[in-house]
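Tertiary structure, described
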Amino acid sequence: MLTSPGLSRSYAGKPFDDVMERTRAALAECGFGVLTEIDVQGTLREKLGVAWERYVILGACNPPLAHRALEATRQIGLLLPCNVVVRQDAADPSVTVVEAVNPAVMAEVTDAPGVAAVAQEAAERLEAALALLDEELGCGMREF
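Now for a description of the structure that goes with this document. In this convention, every chain numbers its residues from 1, walking through the sequence in written order. Local features in this predicted model are restricted to residues of pLDDT 70 or higher, and side-chain atom pairs are both shown and tallied only at a pLDDT of 80 or more, whereas totals for entire chains, interfaces and linings draw on every residue. Remark: hydrogens and water are excluded; side-chain values derive from all non-hydrogen atoms of the structure.

Moving on to the packing of helix α3 (residues 63-72) against helix α5 (residues 115-137). Direction vectors running N to C along α3 and α5 enclose 160°, while the axes themselves pass 9 Å from each other. Taken together, the axes of α3 and α5 lie roughly antiparallel to each other. Judged by the twist between their axes, the crossing of α3 over α5 is left-handed. Across the interface between the two elements, Leu-65, Arg-68, Ala-69 and Ala-72 of α3 pack against Val-115, Ala-117, Val-118, Glu-121, Ala-122 and Arg-125 of α5. Under the convention adopted here, Pro, Cys and the residues Ala, Val, Leu, Ile, Met, Phe, Trp and Tyr are nonpolar, Asp, Glu, Lys and Arg are charged, and Gly plus all remaining residues are polar. Considered class by class, the residues forming the contact of α3 with α5 number 7 nonpolar, no polar and 3 charged. The angle between two axes is taken between their N-to-C directions and runs from 0 to 180 degrees, where each axis is a line fitted to C-alpha atoms and a helix contributes only its stretch in contact. For helices the rule is a DSSP run of H or I covering at least 4 residues; for strands it is a run of E covering at least 2, with both sets numbered from the N terminus onward. Oblique is the label for any angle not under 35 degrees, not over 145, and not in the 65 to 115 range, which are roughly parallel, roughly antiparallel and roughly perpendicular in turn. Crossings are sorted by hand: turned counterclockwise from the far helix by less than a right angle, the near helix makes the crossing left-handed, and turned clockwise it makes it right-handed. Working rule for contacts: check all heavy atoms of both residues, and any pair within 4.5 Å makes them a contact.

If you want it as structure tokens, here you go:
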């Protein structure tokens, strides 16, 4: 059975910029730094002339966890950093969605010893960050 690829929350009536700021803070509080930021909306507009809702991909990394995973198998770098998406709902722009990759997927694609434990800890930390968002923004609707 395949693991769900993402951990997701929706926040109705919460401004995108506020959710983005709070997402960064929650990630930091749970030990993640943001290494990369991809503005999908801006890139699609600039490169393709396509109109798109606000959509940002944050490349979140917890260096000790990344180090442990890389020690287990160098190929795990293909799945790093942990992507976290903050986006407007395409059907309802008043809803801001936060989605984080489910690190358990890493354990499904490799049998390297130690990866499952790292994935579990990373998943717990990302769930904690989402729980912080729920507390600050009002209970988010869970999506799977």
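Note on placement: Asn-62 falls in the loop between β3 (55-61) and α3. Discounting chain neighbours no more than four positions away, the residues touching Asn-62 are Cys-30, Gly-31, Phe-32 and Arg-125.

Another point: the pattern of salt bridges. For this document, the term salt bridge refers to a Lys or Arg side-chain nitrogen within 4 Å of an Asp or Glu carboxyl oxygen. In the structure shown here, the tally under the stated rule is 10 salt bridges. Residue Arg-9 is joined to Glu-127 by a salt bridge in which the shortest nitrogen-to-oxygen separation is 3.4 Å. Of the two residues, Arg-9 is situated in strand β1 (residues 6-12) and Glu-127 in helix α5; the sequence distance between them amounts to 118 residues. The closest approach of N and O atoms between Glu-99 and Arg-87, which form a salt bridge, is 3.0 Å. Here Arg-87 lies in strand β4 (residues 82-88) and Glu-99 lies in strand β5 (residues 95-101), a separation of 12 residues in the sequence. Think of it in three bands: residues with accessible area under 20% of the maximum for their type are buried, residues over 50% are exposed, and the middle band is partly exposed, with areas taken using a 1.4 Å probe on protein chains only. Residue Glu-99 is classed as partly exposed on the basis of its relative accessible area, which comes to 24%. Its relative accessible area of 16% is what places Arg-87 among the buried residues.

A separate point is empty space enclosed by the protein. The method works on a 1 Å grid over the protein atoms by themselves. A cavity is a set of points holding a 1.4 Å probe that cannot get out, a pocket is an open set with protein on both sides within 12 Å along at least five of seven lines, and residues with an atom within 4 Å of a point line them. Grid points are joined across faces, edges and corners, and a volume is the space filled by probe spheres set on the points. Evaluated as defined, the whole model comprises 2 cavities of 30 Å³ or more. When its volume is computed, the largest cavity comes out at roughly 50 Å³. If you go around the largest cavity, the residues you meet are Thr-23, Ala-26, Leu-27, Val-84, Val-98, Ala-100, Leu-126, Ala-129, Leu-130 and Leu-133. Counting only elements with at least two residues in the lining of the largest cavity, the list comes to α1 (16-29), β5 and α5. Tallying contributions element by element places α5 first for the lining of the largest cavity, with 4 residues. Grouping the constituent residues of the lining of the largest cavity by class yields 9 nonpolar, 1 polar and no charged.

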